[in-house]
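# Reading the structure
Here are the chains, one letter per residue:
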Amino acid sequence: SSRIPRLSPDHIRARFSSAMSAMYRDEVPAYGTLLSLVAEVNAEVLDRDPVLAANLAATDQIDRISEERHGAIRLGTAQELATIRRLFAVMGMYPVGYYDLSEAGVPVHSTAFRPVGQAALRRNPFRVFTSLLRLDLISDRALRNEAAAILARRDIFTPACLSLIDRAECDGGLSDSEAEQFVAEAVETFRWHSDALVLADLYKRLHGAHRLVADVVSFKGPHINHLTPRTLDIDAVQARMPALGIAPKAVIEGPPRRHCPILLRQTSFKALQEAVRFPGDAAVEGSHTARFGEIEARGIALTPKGRTLYDSLLDQVRARIVPAADGSNASEYMRILGDVFEAFPDDWDAIRSQGLGYFEWSATGRPAAGDDPEALLAQGALRCDPIIYEDFLPVSAAGIFQSNLGDEAVQDFAASRNQRQFEDDLGAPVLDEFAHYAGIEAASLKASLQAIGRA
Ligand code: OOG
Ligand code: NI
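### Quick word on the coordination of the nickel ion (ligand 2)
The coordination sphere of the nickel ion (ligand 2), as far as protein atoms go, consists of His-70 (NE2), His-226 (NE2) and Glu-294 (OE), spread over 2.1 Å. We note that the donor set of the nickel ion (ligand 2) lies within a single chain, spaced as H-x155-H-x67-E. In this pair, His-70 is assigned in strand S1 (residues 69–75) and Glu-294 in strand S9 (residues 293–298), connecting sequence segments 224 residues apart. No difference in accessibility class separates His-70 from Glu-294, as the two residues are buried.

### Observations regarding the side chain of Arg-13
Structurally, Arg-13 is set in helix H1 (residues 9–27). Filtering out sequence-adjacent residues up to four positions away, Arg-13 remains in contact with Met-91, Gly-92, Met-93, Pro-115, Ala-120, Asn-124 and Phe-126.

### A closer look at the state of the cysteines
One pass over the structure, following the stated rule, counts zero disulfides. With no disulfide partner, Cys-161 has as its closest neighbouring cysteine sulfur the one in Cys-170, 15 Å distant. Cys-260 provides the cysteine sulfur closest to Cys-384, a residue in no disulfide bond, and the two sulfurs are 12 Å apart.

### Some words on the environment of Ala-53
Position of Ala-53 among the secondary structure elements: in helix H3 (residues 50–58). In this structure, the C-alpha to C-alpha distance between Ala-53 and Asp-424, residues 371 residues apart in sequence, is 43 Å. When sequence neighbours within four positions are dropped, the list of residues in contact with Ala-53 reads Leu-46 and Ile-62.

### Overview of the sheet that holds strand S2 (residues 94–100)
Taking strand neighbours across the sheet as the criterion, the five strands line up as S2-S3-S4-S1-S5 in an open arrangement whose pairing is mixed. Each edge of the open sheet is held by one strand with a lone partner, namely S2 and strand S5 (226–229). Within this sheet the neighbouring strands show an average axis-to-axis angle of 20 degrees, counted without direction. As paired strands, S1 and S5 are joined by four bridges and run antiparallel to one another. By the bridge assignment, Gly-71 is partnered in S5 with Leu-227. Across the sheet, helix H2 (residues 29–48) touches S1 and S5, and the angle it forms with S5 is around 10 degrees. Sheet strands touched by helix H5 (residues 78–90): S1, S2, strand S3 (108–114) and strand S4 (127–133). Its angle to S4, the strand with the most contacts, is close to 165 degrees.

### Overview of the site of ligand 1
Taken together, His-70, Ala-72, Arg-74, Phe-129, Asn-225, His-226, Gln-266, Phe-292, Glu-294, Phe-392, Ala-397 and Phe-401 make up all the residues around ligand 1. Asn-225 places a side-chain nitrogen or oxygen 3.0 Å from an oxygen atom of ligand 1. Alone, ligand 1 offers 320 Å² of accessible surface; in the complex the protein occludes 100% of this. Counting only elements with at least two residues in the shell around ligand 1, the list comes to S1 and helix H17 (394–405). If you tally residues by element for the shell around ligand 1, the top one is S1, at three residues. Residues of the shell around ligand 1, tallied by class, amount to six nonpolar, four polar and two charged.

### What about the packing of H1 against H2?
Between H1 and H2, whose axes approach to 5 Å, the crossing angle comes to 120 degrees. Taken together, the axes of H1 and H2 are oblique relative to one another. Along its contact with H1, which presents Ser-21, Tyr-24, Arg-25, Asp-26 and Glu-27, the element H2 presents Pro-29, Tyr-31, Gly-32 and Leu-35.

### Description of the environment of Gly-380
Along the chain, the position of Gly-380 falls in the loop between helix H16 (373–379) and strand S11 (382–386). We classify Gly-380 as buried; its relative accessible area is 13%. C-alpha of Gly-380 to C-alpha of Pro-367: the two residues are 13 residues apart in sequence and 8.0 Å apart in space. Apart from residues no more than four positions distant in its own chain, Gly-380 is found in contact with Thr-364 and Arg-366.

### Considerations on helix H18 (residues 419–426)
Since the α-helix packs 3.6 residues into each turn, any two residues three or four apart lie on the same face. Taken residue by residue, H18 has Phe-422, Glu-423, Asp-425 and Leu-426 as its buried positions. Angular distribution of buried residues about the axis of H18 spans 160 degrees; they occupy a single face of the element. Exposed positions of H18 whose direction lies more than 90 degrees from the buried face are Arg-420 and Asp-424. Buried positions along H18 lie against H5, S2, S3 and S4. In the stretch just after H18, Gly-427 is the one whose phi turns positive, near 85 degrees.

Cut-off values and rules
- Residues numbered from 1 in each chain as written.
- Chains lettered and ligands numbered in written order.
- Predicted model: local features only at pLDDT ≥ 70, side-chain atom pairs only at ≥ 80, totals over all residues.
- Heavy atoms only, no water.
- Donors = N, O, S within 2.8 Å, 3.2 Å for Na, K, Ca; no water.
- Helix = DSSP H or I, 4+ residues; strand = E, 2+ residues; numbered from the N terminus.
- Buried < 20%, exposed > 50% of the residue type's maximum accessible area, 1.4 Å probe, protein only.
- Contact = heavy atoms within 4.5 Å.
- Disulfide = S-S within 2.5 Å.
- Pairing = 2+ DSSP bridges.
- Axes fitted to C-alpha atoms, helices over the stretch in contact; angles between N-to-C directions.
- Near = heavy atom within 4 Å.
- Polar contact = N/O pair within 3.5 Å; in protein donor to acceptor, adjacent residues only side chain to side chain.
- Areas by Shrake-Rupley, 256 points an atom, 1.4 Å probe, with all protein chains shown as cover.
- Nonpolar A, V, L, I, M, F, W, Y, C, P; charged D, E, K, R; others polar.
- Parallel < 35°, antiparallel > 145°, perpendicular 65-115°, else oblique.
- Arc of directions from axis to C-beta.

Remember, this is a structural readout, not a statement about activity or role.
Laid out in structure tokens, this is it:
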């Protein structure tokens, strides 16, 4: 079979992303409504902002906007994590970054599987925020053991999926028809199952330990818990959600609205209450809330210096006000957020000259003199565009988790970052996001200087 041409991992990922989106639209109709709203708002923004439209077109990013989404899953065991890494690798998705959510009161640690490199991101940027449950943070030892035993018995992958992963690894990829089958099998892992694996009583006890424990342990697999389209105007989408019958969470996570967007802003709509059947002598009907919708707006990736400034400003905000889940102080929170973030330069030249963000360089074809990048930029021989942040923010992620787990889910765990354990379980190191962005920036500068004969 080694003579059959292989489909590129980017193609397989694009098919997978659209299959997941179709499945989720079917399972969670409000997600479909949100997609239409986002498409409408994005079209309006491109219409009223021709400069943005031209910049996105010049950097080959227009097409990806409507394709753009991320999703999230929560796994139960190290073995599941190790296999999911192999599954995502078939689609050119690799673990980037380590997020410790324990310090924010959620007993998981996470990475994001995503395409790496500008070409793959432009082809299809689908990412999956993947969390691993940390039973070690649950204090009830008997419950912990019970949960671990249940998790050890389940198999979240179909046999055909596992054999296609083997095939892809041995043959260096999949043929078109194998890829089609692979996508169909892989999607099965993320499907919602309304039949719980555990008795109603155990569900209640797991839920009592932490709602997230119940969500991970009680079901047959790691159902996709949200999918997130990217919008060019998150404030507009947030404002229009209620009119469409979708209740957004109280505040938008992340930085405030700015002229030069940085990092990531996110908001979500509340999780649905879904009917669940618990097994037993007499089946018991119940409900579970886990699945929701989210939107995101992405801005420039920050350097470690920029990120330190961002983190310290956010800390200052949170020292003054913590957003209440019921929205009662939302406008006060947004006002303070805006005030505090005045200290973050809101001008691309300042962001670049102070080394706060990463930029991608390109040659314009205009005449060039000298070889200093800043001078070439001023002459118009080179251009410089912000590199979009492709990753996540732990404080924001915790806010998203919490708004969908209920406020009683806020618990204090001893912060216990454990990247080494996570990477052991994963079976590979996670990529350092800063090194990756710095690499893209450096390569783009080198290539554009070469293109104008200055290297
Ligand atoms: C993941 C929450 C994190 C994001 O966009 O920050 C996330 C989850 O609830 O499983 O998706
Ligand atoms: Ni998300």
